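# Observations on chain architecture
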Amino acid sequence: MHKTPSANIKDVAALANVSIATVSRYLNGNLNRMSKATAERVKLAIEKLNYVPNAAARQMVTKSSQLVALIVANTDDYFSSEVFKGVSSILEAHGYVATMFDADSDIDREQHLMEAVNAHGFDGLLIQPFSSVSEIQSLVSRDLPIVIIDRETPQSPWPQVLTNNYEITKEATEYYLSQGYTHFIVLTSELAAATTRRERYRGVQVAAKNVDVLEVSETSYNHKQVKQQLIELLTKTTERTVIISLKERWLLEFIPSLVSEGYIDNVKTTATAFADTGMARRIEPKLKLISQSPFLLGASAGEIMVDLLNGKSGSDQKVTVVPAKFS
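A short tour of the structure in this document, coming up. (Residues numbered from 1 in each chain as written. Predicted model: local features only at pLDDT ≥ 70, side-chain atom pairs only at ≥ 80, totals over all residues. Heavy atoms only, no water.)

## Re the overall build of the protein
What counts here: Runs of H or I in DSSP of at least four residues are treated as helices and runs of E of at least two as strands, each being numbered from the N terminus. Note that the radius of gyration is over C-alpha atoms, with the globule rule given as 2.2 Å times the number of residues to the power 0.38. Exposed residues in this analysis have more than 50% of their type's maximum accessible area, buried residues have under 20%, and partly exposed residues fall in between, with area computed by a 1.4 Å probe over protein chains only. Contacts: residue pairs with any heavy atoms within 4.5 Å of one another. The protein chains shown are the only cover counted for residues, whose accessible areas, like all others here, come from Shrake-Rupley with a 1.4 Å probe. Counting rule for charge: Lys and Arg are taken as positive, Asp and Glu as negative, and neither His nor the chain ends is counted. Working definition for charges: the position is that of NZ of Lys, CZ of Arg, CG of Asp or CD of Glu.
For the protein, the count of helices and strands is 13 helices and 12 strands. Taken over C-alpha atoms, the radius of gyration comes to 25 Å for the protein, far larger than the 20 Å a tight globule of 327 residues would show. Its C-alpha atoms put the protein at 85 × 45 × 35 Å along the principal axes. In the protein, which comprises 327 residues, the proportion classed as buried is 48%. Expressed as a percentage of contacts within the protein between residues at least 6 apart in sequence, the contacts between residues at least 24 apart total 68%. Roughly 16,200 Å² of accessible area belongs to the protein as shown, and the carbon and sulfur atoms make up 51% of that amount. Charge centroids of the protein, computed over 34 positive and 37 negative side chains, lie 7 Å from each other.

In structure tokens form, the structure reads like this:
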């Protein structure tokens, strides 16, 4: 079968009776450098010839791929997909495409992904990192705009978009103390792996004296032992107890069965958690939760990234806090 040759930029320029440079300016959105009539002729020529710009060729000319990488900690968490939606909503409105990569709670995988982003023409990087500042700097060696999401990173040279982790967890703990609860069980992924978790845990520690910690593996999907440990901690004491889950994922996994089996009655024992979606409230409507907005975190990070990509001053070296609420 004879294949019709695809049109190129020269064909568009010839049909529109303009220069190749004018077509290139049109494709890159620089319409202020031509009349409306010229822009219309180029548009009609592109449509008539079914011309599809070569992205690789445009990247060589503009030095831009229009792609921005988002590396999230773990896509098993609803948090990650909501952050991605927020990031995408802003970037796409400004002509960029966000690509999400999953570190799968593995620092080695995260660092491999950063090396790949560094090597493959991405215009910017948004990251929810396990790695330190020095590690990120060594892996992302080219001049690439970076925005940190959901990780308090001391001495960071890049903008950070965070939740008020310490303050809101302390507020929630103090509320339960005022209601007569004196025993707290902190349900968390590995504390040492992320500053976010440590800040939340610190909020509990500062307010309460009787605190137990249960760490849950993100690399295992069999958590029967953790549930048994939870039950043992709940039944070993006569104190009124609160389970504080530092992420929604563990609330969704453990709390429903504890409610149905009578271990959580909202009198002697209750629970709270950082909640990223409305699903957590449907489990047990009586529970008070710490509601954060990962979508807004992502959108705020996307806005900062767009400013960095456009070279706007004042968009770097600052911390943006998207506050969570306890209710």
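## Some remarks on the pattern of salt bridges
Definition in use: We define a salt bridge as a side-chain nitrogen of Lys or Arg found within 4 Å of a carboxyl oxygen belonging to Asp or Glu.
Going through the model one piece at a time under the given rule, you end up with 13 salt bridges. Between Arg249 and Asp76 there is a salt bridge; the shortest N-O distance is 3.8 Å. Taken together, the positions of Arg249 in helix H11 (residues 248-260) and Asp76 in the loop between strand S1 (67-72) and helix H5 (78-93) put the pair 173 residues apart, joining distant regions of the chain. Residue classification places Arg249 among the buried residues on the basis of a relative accessible area of 12%. The partner of Lys85 in a salt bridge is Glu82, and the shortest N-O contact between them spans 3.3 Å. On the criterion of helical spacing, the pair formed by Lys85 and Glu82 is a turn pair, its members being three residues apart in helix H5.

Note that every value here comes from positions in space, so none of it alone points to a role or purpose.
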